[in-house]
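Okay, here's what each chain looks like letter by letter:
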Amino acid sequence: MADILVVGEILDGSFRKSSLSAVRFAAEVASATGGAFDILVAGDGAAGAAAEAAKYGARKVLSAQIDGGYVAEKVAATVAKAARDGGYAIVTATAGTTGKDLMPRVAAKLGAGVASDIASVSVDGGAITYRRPMYAGNIFGHARVESEVAVVTVRQSEFEPAGEAGGASPIEAAEVVADPAAERVKFVSLESQKSERPDLTEADVVVAGGRALKSAENFGSVLEPLVDALGAAMGASRAACDAGYVPNDLQVGQTGKVVAPKLYVAVGISGAIQHLAGMKGSKTIVAINKDKEAPIAQVADYFLVADLFEAVPALTAAVKKAKA
Amino acid sequence: MKILVPVKRVADPDNANKMKVSADGSSVTSEGLEWKINPFDEYAVEAALRLNEKGGSGDTLGDVIVVSLGPADVATTLRQPLAMGATRGILVEAEDATLDSAAVARALAKLVEKESPDLVLMGKQAVDGDSNTAGQMLAEHLGWPMATFAMSLEVVDGGKALRVGREVDTGVLTLEVTLPAVVTVDLRIVTPTAVKNGVTPADHAYNEGARYASLKGIMQAKKKPIDQIKLADLGVEAKPLVSYAKFEMPPARSGAVTYVESVEQLVEKLKTEAKVL
Ligand SMILES: Cc1cc2nc3c(=O)[nH]c(=O)nc-3n(C[C@H](O)[C@H](O)[C@H](O)COP(=O)(O)OP(=O)(O)OC[C@H]3O[C@@H](n4cnc5c(N)ncnc54)[C@H](O)[C@@H]3O)c2cc1C
Ligand SMILES: Nc1ncnc2c1ncn2[C@@H]1O[C@H](COP(=O)(O)O)[C@@H](O)[C@H]1O
């Protein structure tokens, strides 16, 4: 039996949907081991987030109001205390930037090993094995965590968001624990660009552009119409982000976001190892590239050898027609 | 300021698709691949050098100490940051297989107690294990504040604090950490104006990326000291908390690429074959 604590993320006072991947993982392990899972939300707006988190079948939801913007030092001690008090075998979160920031800090407090960014889990008797991508997804390791408590972060694209379970979990207050380290860090601001488009990590279709787009203007005038015709999210290669064509948070890859949509269209992207690491789990991959030999061909299902400045507007028109 | 930069060597990341798994699945080998400094660690070295110099003048404002844990031949890896301008090196001898992020973090914590740097600047992740955990664990062991995924750094408060821009899922999160602190760096930390130390002229723009070692730098690096100690000297047990039962290659994508002739044909395939339109 393994009880699991899911650390849910709060964004703008809401329970962040990406956390539902960690909930899915927890529910899977709980049912395989005969344990239970609880959800903890700790941060600003915890009460509201807890009410939302209560919909997903947790045994209970723990809520800890911590004022102000997120920094790990303000939250880690509270999470560690809840983890200890509840005697959980596994403490988990989705491997977004918050989960990756916070959970190793929690692990160090608990003396726990971290299986990070896992793609799947298997339970065999008492042994739990975490399958995780390494070397930019070119090798998968089957990790065992040797410490009494395991800290696990889960890859959002590999764990379907948990669905609502009907009913509502009881909500309890969790004790907020002060941490001296928190006095030496100050949250200043969070700047994010709001977009009407679907979230990159949740979209069914992603259209991503590379260096070949050549400018921010071209992303707007050439790529965006295709993005919108497909009802897609927009992504980009590192080169496009670095050049300032699009914001950094659109980067797909080993060090950007990992996506696995039904359709991924790579426009003017060569397909460097680090880029492939973030998108090769996509179901259908289309490449539009002048160079037939570009490494993106290794993962593409369909490859249109063409100049993107001609092909993309034509494709946009054809998609609109096909969808009409 | 005194900056400690941990650097790891990794199998050439641009050829990560040539990594192999042994027949029994018990180990991975990088045979035939060159060792490279983990790119994020190289960026951390560059950022440390920028923090500690009056840009362009050649004047340095403090020491940059590089440390690597691994077999004795990681000394070769340490020569590169020394040639870029780091002051000295520390080699902590240990077998790679016994080093998970937790062991690395515990060893680094002991070293920090000895060296008392103002800042530990490191990569956000080693691109072999892709764990992204050592920096956060180190900060916790030390009871220090941290800033992970740093894309910009600015010395503020008369040198007592750093203002850090962090690349997060939803945009840029800015925070201020009082030194001493742990900072882990992301890709954009080596863009031309990402690091501001308050001494380098505000309009100084660095070249994109990490600097190359000059010939002079390479010659000087040969004479720079590298202290060699053993993991056990730090009182750290070589016992990883995460072990690997086996390794495997990812399943190959099914089917080869189909080259389509035209936009019309592409749309047709997406509709009827892939059924995604
Ligand atoms: C530590 C590290 C981490 C990294 N992490 C990431 C990551 O997370 N994500 C990522 O994407 N990269 C990452 N990279 C960078 C990666 O190695 C590549 O440099 C980058 O992905 C290249 O971007 P690109 O494909 O847009 O540009 P390029 O490689 O320059 O490719 C441009 C492509 O466009 C094609 N092209 C040019 N003109 C046209 C035209 N008119 N019409 C059609 N096609 C055209 C070319 O044939 C070429 O294939 C990382 C690198 C490092 C060192
Ligand atoms: N063997 C090592 N020697 C020196 N530094 C290391 C070692 N392993 C990890 N690190 C540091 O810890 C960072 C994060 O590593 P990881 O948690 O393994 O992804 C790296 O970017 C390095 O700065």
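Residues numbered from 1 in each chain as written. Chains lettered and ligands numbered in written order. Predicted model: local features only at pLDDT ≥ 70, side-chain atom pairs only at ≥ 80, totals over all residues. Heavy atoms only, no water.

Trainee: What should I look at first to understand the overall build of chain B in this one?
Mentor: Scanning chain B from N- to C-terminus turns up 6 helices and 18 strands. By its C-alpha atoms, chain B is 65 × 50 × 40 Å across when sized along the principal axes. Going through the 277 residues of chain B one by one, you find that 55% of them count as buried. The long-range share in chain B, meaning contacts at least 24 apart out of those at least 6 apart in sequence, stands at 69%. Accessible surface computed for chain B: about 11700 Å², of which carbon and sulfur atoms make up 51%. Taken together, the 31 basic and 38 acidic charged side chains of chain B have centroids lying 2 Å from each other. (Helix = DSSP H or I, 4+ residues; strand = E, 2+ residues; numbered from the N terminus. Buried < 20%, exposed > 50% of the residue type's maximum accessible area, 1.4 Å probe, protein only. Contact = heavy atoms within 4.5 Å. Areas by Shrake-Rupley, 256 points an atom, 1.4 Å probe, with all protein chains shown as cover. Lys, Arg positive; Asp, Glu negative; His and termini not counted. Charge placed at Lys NZ, Arg CZ, Asp CG, Glu CD.)

Trainee: Explanation requested: the sheet that holds strand 11 (residues 150-154) of chain A in the structure shown.
Mentor: Backbone hydrogen bonds are what pair the strands of a sheet, in a parallel or an antiparallel way. Residues and elements named next belong to chain A. Spatially, 7 strands are ordered 7-11-6-1-4-5-12 in an open sheet, and the strand pairing comes out parallel. Each end of this open sheet is capped by a strand with a single partner; those strands are strand 7 (113-118) and strand 12 (171-173). Sheet twist, expressed as the average angle between the axes of neighbouring strands with direction ignored, equals 25°. Two elements, strand 5 (residues 61-65) and strand 12, share 3 bridges in a ladder whose sense is parallel. Looking at strand 12, one finds that Ser-63 is bridged to Ala-173. Contacts from helix 4 (residues 97-110) reach strand 1 (4-8), strand 6 (90-94), strand 7 and strand 11 within the one sheet, and its direction differs from that of strand 6 by about 165°. (Pairing = 2+ DSSP bridges. Axes fitted to C-alpha atoms, helices over the stretch in contact; angles between N-to-C directions.)

Trainee: Is there a simple way to think about the confidence of the model for chain B in this case?
Mentor: Per-residue pLDDT for chain B has a mean of 96; in total, 100% of the residues score no lower than 70. Interface predicted TM-score (ipTM) for the complex: 0.97; the corresponding pTM is 0.97. (pLDDT = per-residue confidence, 0-100.)

Trainee: It is not clear to me how helix 1 (residues 19-33) of chain A should be interpreted in this structure. Could you clarify?
Mentor: Residues and elements named next belong to chain A. For helix 1, with 15 residues, the first-to-last C-alpha span of 21 Å sits near the 21 Å given by 1.5 Å per residue. Residues of helix 1 that are buried include every one of Ser-19, Leu-20, Ser-21, Ala-22, Val-23, Phe-25, Ala-26, Val-29, Ala-30 and Thr-33, and no others. Gly-34, located one to two residues past helix 1, shows a positive phi value of around 75°. (Expected span 1.5 Å × (residues − 1).)

Trainee: I keep staring at the pattern of salt bridges and nothing clicks. Help me out?
Mentor: For side chains of opposite charge, pairing can occur when their charged atoms come near one another. All names here are of chain A. A complete count under the given rule lists 36 salt bridges over all chains for this structure. Salt-bridge contacts for Lys-60 lead to Glu-172; the nearest nitrogen and oxygen are separated by 3.8 Å. Residue Lys-60 is located in the loop between helix 2 (46-53) and strand 5, and its partner Glu-172 is located in strand 12; the two are separated by 112 residues in the primary sequence. Judged by relative accessible area, Glu-172 falls into the partly exposed class, the value being 38%. We note a salt bridge from Asp-204 to Lys-262, for which the minimum N-O separation is 3.5 Å. Of this pair, Asp-204 sits in the loop between strand 13 (185-191) and strand 14 (205-209) while Lys-262 sits in the loop between helix 6 (238-242) and strand 16 (263-267); the two residues are 58 residues apart in sequence, bridging distant segments of the chain. (Salt bridge = Lys/Arg side-chain N within 4 Å of Asp/Glu carboxyl O.)

Trainee: What is the right way to read the site of ligand 2 from this model?
Mentor: Residue and element names in this part refer to chain B. Lining the immediate surroundings of ligand 2 are 18 residues, of which Asp-41, Ala-126, Asn-132, Thr-133 and Ala-134 lie closest. Between ligand 2 and the protein, one listed contact pairs an oxygen atom with a backbone N or O atom of Thr-133 at 2.9 Å. Here an oxygen atom of ligand 2 sits 2.8 Å away from a polar atom, N or O, in the main chain of Ala-134. Relative to its free-state accessible area of 480 Å², ligand 2 is covered by the protein chains to the extent of 97%. Here the shell around ligand 2 gets 3 residues from one element, more than from any other, and that element is strand 8 (residues 64-70). Partitioned by chemical class, the residues of the shell around ligand 2 number 8 nonpolar, 8 polar and 2 charged. (Near = heavy atom within 4 Å. Polar contact = N/O pair within 3.5 Å; in protein donor to acceptor, adjacent residues only side chain to side chain. Nonpolar A, V, L, I, M, F, W, Y, C, P; charged D, E, K, R; others polar.)

Trainee: Would you explain the interface of chain A and chain B in this entry?
Mentor: When the parts of a complex come together, some accessible area is lost, and that lost area is often taken as the interface size. Each side of the interface is counted separately: chain A has 86 residues, and chain B has 81 residues. Roughly 7100 Å² of surface becomes buried between chain A and chain B when both sides are summed, with 57% attributable to carbon and sulfur atoms. Summed over the three residues of chain A that lose the most area to chain B, namely Tyr-135, Arg-184 and Tyr-302 of chain A, the buried surface amounts to 12% of that side. Scanning the region where chain A abuts chain B turns up 8 salt bridges. A salt bridge links Arg-16 of chain A to Asp-169 of chain B, with the nearest nitrogen and oxygen atoms 3.2 Å apart. Applying the counting rule to chain A against chain B returns 46 residue pairs in polar contact (both at pLDDT 80 or more). Among the elements that take part in the side of chain A that touches chain B, helix 4 of chain A stands out by supplying 8 residues, more than any other. A class-by-class count of the residues in the side of chain A that touches chain B yields 41 nonpolar, 22 polar and 23 charged. (Buried area = accessible area lost by both parts, 1.4 Å probe.)

Trainee: I would appreciate a short explanation of the nonpolar core in the present structure.
Mentor: Across soluble globular proteins, you tend to see nonpolar side chains buried next to one another. Residues Val-91 and Leu-102 of chain A together with Val-92, Leu-138 and Val-182 of chain B are the most contacted members of the largest nonpolar core, which totals 59 residues. Looking at this core element by element, the count peaks at 8 residues for helix 3 (residues 101-115) of chain B. With near-sequence residues (within four places) excluded, Val-92 of chain B lies in contact with Val-67, Ser-68, Leu-69, Gly-70, Leu-111, Ile-229, Lys-230, Leu-231 and Leu-234 of chain B. By size, the runner-up hydrophobic cluster in this structure holds 48 residues, among which are Val-7, Leu-179, Leu-187 and Val-195 of chain B. (Core = buried A, V, L, I, M, F, W, Y, C linked by side-chain atoms within 4.5 Å.)

Trainee: How should the domain arrangement of chain A be read in this particular structure?
Mentor: Residue and element names in this part refer to chain A. Its domain assignment divides chain A into domain 1 (4-184) and domain 2 (205-323). Its C-alpha centre places domain 1 at a distance of 32 Å from the equivalent point of domain 2. Between domain 1 and domain 2, roughly 530 Å² of surface is buried when both sides are summed, and carbon and sulfur atoms account for 51% of that area. The interface formed by domain 1 and domain 2 contains 0 salt bridges. For the pair domain 1 and domain 2, the interface holds 1 residue pair in polar contact (both at pLDDT 80 or more). Within the side of domain 1 that touches domain 2, the residues separate by chemical class into 1 nonpolar, 3 polar and 1 charged. (Domains from an automatic or database assignment.)

Trainee: Can you help me understand the side chain of Thr-97 of chain A in this one?
Mentor: Examined against the element boundaries, Thr-97 of chain A turns out to sit in helix 4. Separated by 2.9 Å, the side chain of Thr-97 of chain A and the backbone nitrogen of Asp-169 of chain B make a polar contact. The residues touching Thr-97 of chain A, leaving out its near neighbours within four places in the chain, are Phe-149, Arg-166, Glu-167, Val-168 and Asp-169 of chain B.

Trainee: Looking at this structure, I do not really get the sheet that holds strand 14 of chain A. What am I missing?
Mentor: Ordered in space as 15(A)-14(A)-16(A)-17(A)-18(A)-18(B), the 6 strands form an open sheet in which the pairing is parallel. Each edge of the open sheet is held by one strand with a lone partner, namely strand 15 (233-236) of chain A together with strand 18 (258-260) of chain B. Each neighbouring strand pair of the sheet contributes to a mean axis angle of 20°, computed without reference to strand direction. The pairing of strand 14 of chain A with strand 15 of chain A spans 4 bridges and is parallel. By the bridge assignment for strand 15 of chain A, Val-206 of chain A is matched with Ala-233 of chain A. This element, helix 6 (residues 263-272) of chain B, spans strand 16, strand 17 (284-289) and strand 18 (302-305) of chain A together with strand 18 of chain B of the sheet and lies at about 170° to strand 18 of chain A.

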